[in-house]
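Survey of secondary and tertiary structure
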Amino acid sequence: MQFQLTEEHLMIQKAARDFAQNECLPGVIERDEHQKFPREQILKLAELGFMGMMVSPDYGGAGMDTISYVLAMEEVSKIDASVSVSMSVNNSLVCWGLEKFGSEEQKQKYLVPLAQGRKNGELYIGAFLLSEPEAGSDATSQRTVAEEKDDHYVLNGIKNWITNGNSASVYLVMAQSDIAKGSKGINVFIVEKDSPGVTVGAKENKLGIRGSDTHSITFTDVKVPKENRIGGDGFGFAFAMKTLAGGRIGIASQALGIASGAYELALKYSKERKAFGKEIMHHQAIQFKLADMATRIECARLLCLKAAWEKDQHLDYTLSSSMAKVFSSETAMWVATEAVQVHGGYGYVKEYHVERLMRDAKITQIYEGTSEVQRIVISRSILK
Ligand code: CAA
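Residues numbered from 1 in each chain as written. Predicted model: local features only at pLDDT ≥ 70, side-chain atom pairs only at ≥ 80, totals over all residues. Heavy atoms only, no water.

**Some words on the overall build of the chain**
Within the chain, the regular secondary structure consists of eleven helices and eleven strands. Here the C-alpha atoms of the chain give a radius of gyration of 21 Å, agreeing with the 21 Å that 2.2 N^0.38 yields for 384 residues. With 384 residues in all, the chain has 55% of them scored as buried. At a minimum sequence separation of 6, the contacts of the chain that also span at least 24 residues come to 74%. (Helix = DSSP H or I, 4+ residues; strand = E, 2+ residues; numbered from the N terminus. Rg over C-alpha atoms; globule rule 2.2 N^0.38 Å. Buried < 20%, exposed > 50% of the residue type's maximum accessible area, 1.4 Å probe, protein only. Contact = heavy atoms within 4.5 Å.)

This is the structure:
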């Protein structure tokens, strides 16, 4: 067993850390306050090759492994989870699914610019449209329909909670083509955002990841060419589940980053702040908090890296990615809350960053499968 990162991993980790410090930290409080989408930061992330990290260079990607992705996600998420959620969705939910299951034409047309994160110098990213107003965790209960007609499908319905909803150029849309077949009647389509009949709803005003653009998307008689269906008829639900298994490694790493960012701030503050005649790090009440934070973060990191390693080894990583996601996201919420507590009153105001990390942590327990959904996946796996 090897617990050491390679030279290349360390270089990627450092590049992500420098990027987060130099490009994401300036203005992070204002972007959160004003819900400003971090377009410039994501364009710079694309220049580093971090929007298509695991995609083969043959399709415009950086050809890195999943371990590198976990390391980079952690570093970016320490500073700005609104940036890293776009990075995670584009890498895991959009590029991975297209590279694995898309046709050669689909890859040339869509994957190449998506993996580069740019087209003609402009931001070019994707979004994953599974959730609906009445189908979140219960994802097979889709009501968006894709009716087959001649050489195309016609889409009608509403998707919501869509990350990159307004900034994406390309949507991967799950829709029901034969309701009688249940999950086997669901298809997945590549839909260009500027197709006639696509309407982007207002930006959601959220508790956390406020820079990230979350929207509902409405489809009204949207014509989608048949060649834009990914995989065979009825493959859409399996596509969503397989893709989400990798997505959960991304969100677990995001949660890990939020936790380690909050911990590092608490550690620093505990060395500076004095109370009862000494730095608060000399009080056992604080020492035990720091010890528990560091221990839980290390557990989360090991789970994330194990899931990534399994994916790189082409093993089944469904169980480990769900374990990583539920543990890391619960760790993020706990650590960020404790980090606010270590800061006392200062933790409750924006300048010290930990209150934002606490707000950002919450969503990691909800999106890409709630903690309860992860426990369904885990228990089914261990009981089968
Ligand atoms: N590969 C192939 N087939 C699969 C599969 C996989 N990985 N996983 C499931 N299936 C098949 C099953 O075998 C089953 O087939 P049969 O009916 O023939 O047996 C079928 O699909 C239905 O599967 P389940 O019976 O397991 O379905 P379920 O209704 O019990 O639901 C669930 C399971 C785990 C709860 C699933 O619905 C789920 O993961 N829900 C959460 C959805 C989710 O994560 N949403 C996040 C939205 S995306 C997002 O947040 C992105 C963002 O913008 C940040």
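From this point, the narrative continues.
**Some words on the UniProt feature "domain: Acyl-CoA dehydrogenase/oxidase N-terminal" (unreviewed entry) in the chain**
Mapped onto this structure's residue numbering, the UniProt feature "domain: Acyl-CoA dehydrogenase/oxidase N-terminal" (unreviewed entry) falls at residues 6–117. A distance of 26 Å separates the end C-alpha atoms of residues 6–117, which is 73% helix and 0% strand. (UniProt positions renumbered as here; feature names shortened; annotations may be inferred.)

**Let's talk about the domain arrangement of the chain**
What the domain assignment reports for the chain is domain 1 (7–123), domain 2 (126–233) and domain 3 (237–383). Summarising the inter-unit geometry, the C-alpha centres of domain 2 and domain 3 are found 30 Å apart. Tallying the contact residues gives 15 residues for domain 2 and twelve residues for domain 3. The largest per-residue losses of area from domain 2 upon contact with domain 3 belong to Phe 128, Leu 207 and Ile 209, which jointly make up 42% of the total buried on that side. Counting across the domain 2 and domain 3 interface gives zero salt bridges. At the junction of domain 2 and domain 3, the tally comes to two residue pairs in polar contact (both at pLDDT 80 or more). (Domains from an automatic or database assignment. Buried area = accessible area lost by both parts, 1.4 Å probe. Salt bridge = Lys/Arg side-chain N within 4 Å of Asp/Glu carboxyl O. Polar contact = N/O pair within 3.5 Å; in protein donor to acceptor, adjacent residues only side chain to side chain.)

**Looking at the nonpolar core**
The biggest cluster of nonpolar side chains holds 71 residues, and the ones touching the most others in it are Leu 98, Leu 114, Phe 128, Met 174, Ile 230, Phe 239 and Met 293. It is helix α7 (residues 236–272) that provides the largest number of residues to this core, a total of 16 residues. Beyond its immediate sequence surroundings of up to four residues, Leu 98 is in contact with Gln 106, Lys 107, Tyr 110, Leu 111, Leu 114, Ile 190 and Ile 230. Residues Ala 20, Leu 45, Met 64 and Tyr 69 belong to the second largest nonpolar core, which totals 23 residues. (Core = buried A, V, L, I, M, F, W, Y, C linked by side-chain atoms within 4.5 Å.)

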